[in-house]
There are 2 protein chains.
Amino acid sequence: MQGLMMNTQLTITTIMQHAQSNNPGVEIVSVTGDNPRHRTTYRQAFDRAGQLANALVKLGVGRGERVATLAWNDYRHFEAYYGVSCSGMVLHTINPRLFPEQISYIINHAEDQWLLIDPMFWPLAEQQLAQCKTLKGFIILTDSAHMPETTLDNVHCYEDLIAGEEADFDWPDIEEGDACALCYTSGTTGNPKGVLYSHRSTVLHAMAECLPDAMGLSGADAILPVVPMFHVNAWGIPYAAPMVGAKLVFPGPKMGDGETLQDLIESEGVTLAAGVPTVWLGLLNYLRESGKRVDCLERTVVGGSACPVAIMQAFKNEYQVETLHAWGMTEMSPIGTMNVPMPKHADLSEAAYWAIKAKQGRAVYGVEMKIVDDDNNELPHDGKAFGALKVRGPWVCSSYYERPDATEHDAEGWFSTGDVCTIDPDGYMQITDRTKDVIKSGGEWISSIELENIAMGHPDVAEAAVIGVAHPKWDERPLLIVVRKEGSDPDKQALLDYFDGKVADWWKPNDVAFVEEIPHTATGKIQKLALRKQFMAYQLPE
Amino acid sequence: MQGLMMNTQLTITTIMQHAQSNNPGVEIVSVTGDNPRHRTTYRQAFDRAGQLANALVKLGVGRGERVATLAWNDYRHFEAYYGVSCSGMVLHTINPRLFPEQISYIINHAEDQWLLIDPMFWPLAEQQLAQCKTLKGFIILTDSAHMPETTLDNVHCYEDLIAGEEADFDWPDIEEGDACALCYTSGTTGNPKGVLYSHRSTVLHAMAECLPDAMGLSGADAILPVVPMFHVNAWGIPYAAPMVGAKLVFPGPKMGDGETLQDLIESEGVTLAAGVPTVWLGLLNYLRESGKRVDCLERTVVGGSACPVAIMQAFKNEYQVETLHAWGMTEMSPIGTMNVPMPKHADLSEAAYWAIKAKQGRAVYGVEMKIVDDDNNELPHDGKAFGALKVRGPWVCSSYYERPDATEHDAEGWFSTGDVCTIDPDGYMQITDRTKDVIKSGGEWISSIELENIAMGHPDVAEAAVIGVAHPKWDERPLLIVVRKEGSDPDKQALLDYFDGKVADWWKPNDVAFVEEIPHTATGKIQKLALRKQFMAYQLPE
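A brief structural summary. (Residues numbered from 1 in each chain as written. Chains lettered and ligands numbered in written order. Predicted model: local features only at pLDDT ≥ 70, side-chain atom pairs only at ≥ 80, totals over all residues. Heavy atoms only, no water.)

### Concerning empty space enclosed by the protein
Line of reasoning, step 1. Enumeration according to the criterion identifies two cavities of 30 Å³ or more in this entry.
Line of reasoning, step 2. Size it by volume and the largest cavity reaches roughly 50 Å³.
Line of reasoning, step 3. A total of four residues in the lining of the largest cavity trace back to one element, the largest contributor, which is helix H7 (residues 199-210) of chain A.
Line of reasoning, step 4. Taken together, the residues of the lining of the largest cavity sort by class into three nonpolar, six polar and no charged.
Line of reasoning, step 5. Along the walls of the second largest cavity sit Tyr197, Thr202, His205, Asn233, Gly236, Tyr239 and Ser333 of chain B, which together make up its complete lining. (1 Å grid on protein atoms, 1.4 Å probe; cavity = no way out; pocket = protein on both sides within 12 Å on 5 of 7 lines; lining within 4 Å. Points joined across faces, edges and corners; volume = space filled by probe spheres on them. Helix = DSSP H or I, 4+ residues; strand = E, 2+ residues; numbered from the N terminus. Nonpolar A, V, L, I, M, F, W, Y, C, P; charged D, E, K, R; others polar.)

Here you go:
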């Protein structure tokens, strides 16, 4: 028996229209390349989104076709979010930090029609992207006074392009399953893979994100997304903020600049800011050096990688800012878990409290999580068993865009996150490793990260990595790879004995290899893949 | 182009499973007819929901068939919410305050198969409902020690019925558009009309309700729904609470008892309570008389009818409890608007602040509102123009159950609420009248409620009502109907002149009729229909 309720489609257009009716005067403040403090409102931004939609239609972009952006967080990028997606086109946000070859690859793979681009990235476009075969041209996100010189045809100035257009656009009826946005993961191996978000997934994710035990967003908030709009749609904030009528503060290209962030927070009354741990470390250092404050800031959402407890403690104790530890993925729109204390945690000791805060948090409603062993058997949520994390939910991708070779989805519809974690009885998840880095010894798993963290505590160790190397009896056994502290010369056995009493005996590495340097990715993570290649033929002692 | 995101269905089952995984130990506390303070947890309640589902299947109830309840707010009713709806059956909650003939009518109209009933309503069932033609029997919501005596066959004791069943139930895959619950409006005219909620509408409504600018529900809350579970699913709280892991406190049959409410609030740490204004007036009177406090209570949600400002002020000033003024309808699941202040209201004067709080509030995301005149022309949101309120949204009904005669829905999919209101530029809606009570004079509308409120301020008036009566030139003109205060004998013209300066001249009533008594409904509202019949032939003076 069918219910008799309206079949209102969950589209991004409804978010725009809700803000237009209820919060037209709420501000959007931006730092841009051409203006250190630009101010507009939802009404004006959505009017200009209509102008952009009219312009794109005139340029010949059709329903479902991709329009790409290569841009920082500001009001023009925000206008593109709505002007493109609400007109039934698909917004493809590109990460400018990718290698130029990767950017060309994903533009070609996505078959982008037009590219909206910040002037600072123009040299890249002129030198490399102009050759992309489906690209019909470029729209430079600036006004005529700040246009770069170019010899290319088909280059428009954003402000000139939309200036002559009507704000009224006949926004089409969109089915909620239709695609609205596309974002490629920056995988460490192979070509980037595209996640094609739907209007429905984006709206549901935004609603879940606003819940009090997620980001708790409301009309009383002023939100500073320091996470880029090219990175999983700035964690959904450009959708969530107009949904609840929150003020938006965009840092433009000044993402990593502690001074700008402090100034924006204090002068614009920012209550919530979101970004990766290094952003907050940078801000923390700036605050300590300058003696300045962020008194209006109530909370930060920290994700992208595990947030060190010391950063959370410093913000809480020195600046009364609560850190909301979060975990997600491009494939999850991105939010999977948020770490908010439960009422019963009020009585915990300091140490126990921070041990919980160090975890990635609990599933928000909508996200189903399970951990499994090598044979896909579900493991208990006891806070001890660790297994491969699989997820399901209405804002989790069902497959990658045009990648039939991908293997992350199983027959029951679960997506393999690639993370290894524990889940405690209250549902708090803690990542212990990546599935490709975990060491599989005699059918049991050993966490490489846990061993590394222990080794890093040894006074003679400057950096440590642990990888699994082949073993005739146990399949794999852990090898500890160490960069010695300058001037120290530790004994191998002493380093191995350092694990005694800290882990189960069978976790103890079988050997130590000393190296001058451990290879890192551009974002500072250890390149385990390179290490595994380097030590592929390593012979463990008997 | 279709998005590539999981097609996870929004079903009530996902709420149950989320709570089982993440908040199994959170408590549900109930007052019941057989236990003044029953304690259970989400895990136990959902286990028992599984037992109930197994029992209902054995009783022969099939997918889509209706199972009715006639019960107060407690854990057994909560178990029925999930045991019935998650097994693909439809939960039909019946209002025991309806006339017995109406209850029989809706059981027959809904073709209910079984009725779950509180022992206190058993006499009604035995005398009247046993004749309902589709009812196969009764399940009395109690244990064997408290079973009433009966001569009827097919009467089960709830506890005995589920005791032998497994908690494991193979919950079916449900399409989100499938019906989950049915609730009849208690219309003042004609037979009650059924609203058939879908899983999707119920889940989306629950998510919206939890948003910070709606009820702001979180795992830190303990919620006391004083609004009955037979009245629009207790405003969705039985779905929203397990979605966020909030503790539930059910008052059972003690809804109107200030002493019980105060005791539940203080002893169970209730942070949010929800109900109609008379409940809060009752609690307020009890608190003032007893000198007792409700210090843990942070906020109340008040809807059902306009909340007098004096009640809101008393709770805020005397007890530091914030009132969230809300508006909704059975047809809207029910939430349409919630009144939460905007940041800019922080600087308002006391008077201006309370003038905003008196309004019904702003549309929550998902609800579209417009006001129209007699010709369906949209009126401005200027806080002055008042028109008939129409709404759309994913939790608004698209038609009534098996009522092809109903006319509330228009061709564009808007639902006519029957309310007349203003909407200000910030989106705050204020109800000024009902469409059937507004007086239509020369194509313009006059608010009967506004005239009544003014008349009530006259020292000689005990009660006042205003209705429209036929007028040869203006179609309708207002007639003021007055019950005089004992011992007073006001002059008609003096009463009419009392409106001078308070309303536009053309709003001034044309005449006054004195009566001994004004007829009221069971819930204390003026019966305008009866008054219109009484004064149908009334001749206004020239």
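### Some words on the packing of aromatic side chains
Line of reasoning, step 1. Under the defined criterion, the tally for this structure stands at 36 aromatic pairs over all chains.
Line of reasoning, step 2. Both rings, one in Tyr42 of chain B and one in Phe78 of chain B, keep their centres 6.0 Å apart while their planes meet at 45°; by these two values the pair is tilted. Highlighted residues: Tyr42 of chain B in helix H2 (residues 42-58) and Phe78 of chain B in helix H3 (residues 75-85), separated in sequence by 36 residues. For the pair formed by Tyr42 of chain B and Phe78 of chain B, the shared burial category is buried.
Line of reasoning, step 3. Look at Trp280 of chain B and Phe315 of chain B: their rings are 6.5 Å apart centre to centre, the planes differ by 85°, and that puts the pair in the edge-to-face class. Note that Trp280 of chain B is positioned in helix H11 (residues 277-290) and Phe315 of chain B in helix H12 (residues 309-319), a separation of 35 residues in sequence. Across the pair, exposure class does not vary: Trp280 of chain B and Phe315 of chain B are buried alike.
Line of reasoning, step 4. Grouped by ring-pair contacts, the aromatic residues Tyr42, Phe46, Phe78, Tyr81, Tyr82, Tyr239 and Phe250 of chain A constitute a single cluster. (Phe/Tyr/Trp six-rings, centres within 6.5 Å; stacked < 30°, edge-to-face > 60°. Buried < 20%, exposed > 50% of the residue type's maximum accessible area, 1.4 Å probe, protein only.)

### Quick word on the side chain of His345 of chain A
Line of reasoning, step 1. Along the chain, His345 of chain A falls in the loop between strand S15 (335-339) and helix H13 (350-357).
Line of reasoning, step 2. Those residues in contact with His345 of chain A that lie beyond four places of it in its chain are Tyr353, Ile356, Asp426 and Tyr428 of chain A. (Contact = heavy atoms within 4.5 Å.)

### Structural notes on the interface of chain A and chain B
Line of reasoning, step 1. Taken residue by residue, the interface counts 72 residues in chain A and 72 residues in chain B.
Line of reasoning, step 2. Taken as a group, Met1, Met6 and Tyr365 of chain A account for 19% of the area that chain A buries against chain B, more than any other trio of residues on that side.
Line of reasoning, step 3. Across the contact surface, chain A and chain B share two salt bridges.
Line of reasoning, step 4. A salt bridge links Arg200 of chain B to Glu176 of chain A; the shortest N-O distance between them is 2.7 Å.
Line of reasoning, step 5. Between chain A and chain B we count 26 residue pairs in polar contact (both at pLDDT 80 or more) in total.
Line of reasoning, step 6. Looking at the side of chain A that touches chain B, the elements with two or more residues in it are helix H1 (12-22), strand S9 (194-198), H7, helix H9 (237-244), strand S16 (362-363) and strand S18 (387-392) of chain A.
Line of reasoning, step 7. Within the side of chain A that touches chain B, the residues separate by chemical class into 38 nonpolar, 25 polar and nine charged. (Buried area = accessible area lost by both parts, 1.4 Å probe. Salt bridge = Lys/Arg side-chain N within 4 Å of Asp/Glu carboxyl O. Polar contact = N/O pair within 3.5 Å; in protein donor to acceptor, adjacent residues only side chain to side chain.)

Honestly, that's just the spatial picture; any functional story needs more than this.
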